[in-house]
Amino acid sequence: MTLQPKCEDVETAEGVAITVTGVAQVKVMTDKDLLAIACEQFLGKSVMEIKAVVLQTLEGHLRSILGTLTVEQIYQDRDQFARLVREVAAPDVGRMGIEILSFTIKDVYDKLDYLSSLGKTQTAAVQRDADIGVAEAERDAGIREAECKKEMMDVKFLADTKMADSKRELELQKAAFNQEVNTKKAESQLAYELQAAKEQQKIRLEEIEIEVVQRKKQISIEEREIERTEKELIATVKRPAEAEAYKMEQLAEGYKMQKVLTAQAEAEKIRKIGEAEAISISSVGKAEAERMRLKAEAYQQYGEAAKTALVLDALPKIAGKVSAPLARTNEIVILSGDGSRVTGEVNRLLAELPVSVNALTGVDLSKMPLLQKLTGAQA
């Protein structure tokens, strides 16, 4: 570890306050007993904490030595001053398991320009010696630090190599053990599966033989069942079906014959009825024609007298139809101031009667002698 102790404004033997800085290279001792002491002192602490402890120890001894020397002694013989610091501080840090590899004075200065008053030549010499000392210290410190780092890297590399070798050896042994175990497991599993396959094959063969026997028995049973079912169907279905079909055929034939005979009888009946109706109509027509002929002959024989008789026969009917509305009339009152006019109204109605009969029947009563006589008598 590289440390830079610094003491500011420390009074020398002559009472001059100066500031001194140095550079120290320290390391943990590797001796077994001393290493145990170092572990006891610093185990659990960080590097910064270890540096702080050692730095405070060096600064304390540096401060005590400055109080015993003059400025000139400190300034002119820095090596002697540094050696004194090493000699005084080494036992104390050694009891902590720390070894001081090197210690040099880096800088000495004051705020009162005491050193500069010693003369430029001396100042230059002092500055030169100081620079040389600093350079040498830095050089020695750099060399020592590099050596320490190299030693540390060598130790670390050796330890890493050993660890890597041990780890590799462990991995190889584990791989070998795993390979052997897996091989045995695979062989055991393969043997088990092979034996299981053989046993399974035997069981399957036995099952196939049993299935063949069962299948043969099943086929025999099914064949017998088919024969029985066939006979049963013939007895229960086919024979009754044939009988039923024959029965239905005979019934259909009889029904057809019945329909034919019924239709023939109906047709004969209709024909007979038609012939009877035709004979009846013909007879009625002949009788009506004969009656009309006789009536026509009578009309022709009697002439106007017959027509008059027909009209006279129809007059009551006509009068009844005409007087039908008057049947619901209680009385008819003819208003007239002259009695002769009532008679005239009656005569007018009688005079209009032939016209009405002619319009209804086509017979002109005014041309009939009998009616003329009646009309004349009325007049």
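Residues numbered from 1 in each chain as written. Predicted model: local features only at pLDDT ≥ 70, side-chain atom pairs only at ≥ 80, totals over all residues. Heavy atoms only, no water.

As named in an unreviewed UniProt entry, the protein is Flotillin-2b isoform X1, taken from Danio rerio.

Caption draft 1: Highlighting helix H4 (residues 78–94). Spanning 17 residues, H4 covers 23 Å between terminal C-alpha atoms, matching the ideal 24 Å at 1.5 Å per step. Buried within H4 are the following residues: Arg 78, Phe 81, Ala 82, Val 85, Ala 89, Val 93 and Gly 94. (Helix = DSSP H or I, 4+ residues; strand = E, 2+ residues; numbered from the N terminus. Expected span 1.5 Å × (residues − 1). Buried < 20%, exposed > 50% of the residue type's maximum accessible area, 1.4 Å probe, protein only.)

Caption draft 2: Here's a closer look at the pairing of strand S2 (residues 6–11). Pairing of S2 with strand S3 (residues 17–28) involves 4 bridges; the strand directions are antiparallel. Bridge assignment links Cys 7 to a residue of S3, and that residue is Val 20. (Pairing = 2+ DSSP bridges.)

Caption draft 3: Looking closely at unusual backbone geometry. The residue Asp 9 is not glycine, and still its phi comes out positive at about 50°. You can see Asp 9 is positioned in strand S2.

Caption draft 4: Inspection of the nonpolar core at higher detail. Ranked by size, the top nonpolar core spans 31 residues in total, and within it Ile 18, Val 20, Leu 62, Leu 66, Phe 81, Phe 103 and Ile 105 carry the most contacts. Per-element accounting of this core gives the leading share, 6 residues, to helix H2 (residues 47–66). Leave out the neighbours within four places in its chain, and Phe 103 touches Pro 5, Val 23, Ala 24, Leu 62, Ala 82, Val 85 and Arg 86. (Core = buried A, V, L, I, M, F, W, Y, C linked by side-chain atoms within 4.5 Å. Contact = heavy atoms within 4.5 Å.)

Caption draft 5: Quick look at the pattern of salt bridges. Counted under the stated rule, the structure contains 11 salt bridges. Across the salt bridge formed by Glu 147 and Arg 144, the nearest N and O atoms sit 2.8 Å from each other. Of this pair, Glu 147 and Arg 144 both sit in helix H5 (residues 120–302), 3 residues apart, which is roughly one turn of that helix. Assessed through its relative accessible area of 24%, Arg 144 is described here as partly exposed. (Salt bridge = Lys/Arg side-chain N within 4 Å of Asp/Glu carboxyl O.)

Caption draft 6: The layout of surface pockets, seen in detail. Within this model, the largest pocket holds a volume of roughly 570 Å³. In this structure, the largest pocket is lined by 18 residues; those nearest its centre are Met 1, Lys 27, Val 28, Cys 148 and Met 152. Broken down by secondary-structure element, the contributors of at least two residues to the lining of the largest pocket are S3, H2 and H5. Ranked by residues supplied to the lining of the largest pocket, first place goes to H5 with 5 residues. (1 Å grid on protein atoms, 1.4 Å probe; cavity = no way out; pocket = protein on both sides within 12 Å on 5 of 7 lines; lining within 4 Å. Points joined across faces, edges and corners; volume = space filled by probe spheres on them.)

Caption draft 7: Seen up close, a nonpolar patch on the surface. On the surface, a cluster of nonpolar side chains totalling about 240 Å² of accessible area is made up of Leu 205, Ile 208 and Val 212. Mapped onto the elements of the fold, Val 212 is located in helix H5. Given a relative accessible area of 39%, Val 212 falls into the partly exposed group. (Patch = residues over 30% accessible without salt bridge, like charges linked within 9 Å, V, L, I, M, F, W, Y side chains within 5 Å. Areas by Shrake-Rupley, 256 points an atom, 1.4 Å probe, with all protein chains shown as cover.)

Caption draft 8: Quick peek at the packing of H2 against H4. One way to put it is that H2 packs onto H4 with a least axis distance of 9 Å and a crossing angle of 135°. Taken together, the axes of H2 and H4 lie oblique to each other. For the pair H2 and H4, the crossing hand works out as right-handed. Taking contact as the criterion, the partners of Thr 57, Leu 58, His 61, Leu 62, Ile 65 and Leu 66 in H2 are, on H4, Phe 81, Leu 84, Val 85, Val 88, Ala 89, Asp 92 and Val 93. (Axes fitted to C-alpha atoms, helices over the stretch in contact; angles between N-to-C directions. Parallel < 35°, antiparallel > 145°, perpendicular 65-115°, else oblique. Left-handed = near helix turned anticlockwise from the far one by under 90°.)

Caption draft 9: Seen up close, the pairing of S3. The buried fraction of S3 amounts to 10 of the 12 residues, a majority that puts the element mostly inside the structure. In the sheet, strand S1 (residues 2–3) pairs with S3 via 2 bridges, with the strands oriented antiparallel. For Leu 3, the partnering residue across the bridge sits in S3 and is Ala 24. Where S2 hands over to S3, the hairpin turn is made up of 5 residues, of which Gly 15 adopts a positive phi near 85°.

Caption draft 10: Spatial organisation of the environment of Asp 110. Here Asp 110 is to be found in the loop between strand S4 (98–109) and H5. With 90 residues separating them along the chain, Asp 110 and Val 20 place their C-alpha atoms 8.8 Å apart. Ignoring anything within four residues of it in the chain, the contact list for Asp 110 reads Ala 17, Ile 18 and Leu 115.

Caption draft 11: Region of the structure containing H2. Here H2 contains 20 residues, and its C-alpha end-to-end distance of 28 Å stays within 8% of the 28 Å for a straight helix at 1.5 Å per residue. Taken together, the buried positions of H2 are occupied by Ile 50, Val 54, Thr 57, Leu 58, His 61, Leu 62, Ile 65 and Leu 66. Taken end-on, H2 shows its buried residues confined to a sector of 170°, consistent with a single buried face. Facing away from the buried side of H2, by more than 90 degrees, are the exposed residues Met 48 and Gln 56. (Arc of directions from axis to C-beta.)

Caption draft 12: The arrangement of the side chain of His 61 in detail. Take His 61: it is sitting in helix H2. Given the relative accessible area of 13%, His 61 is considered buried. Setting aside chain neighbours within four positions, we find His 61 in contact with Val 88, Ala 89 and Asp 92.

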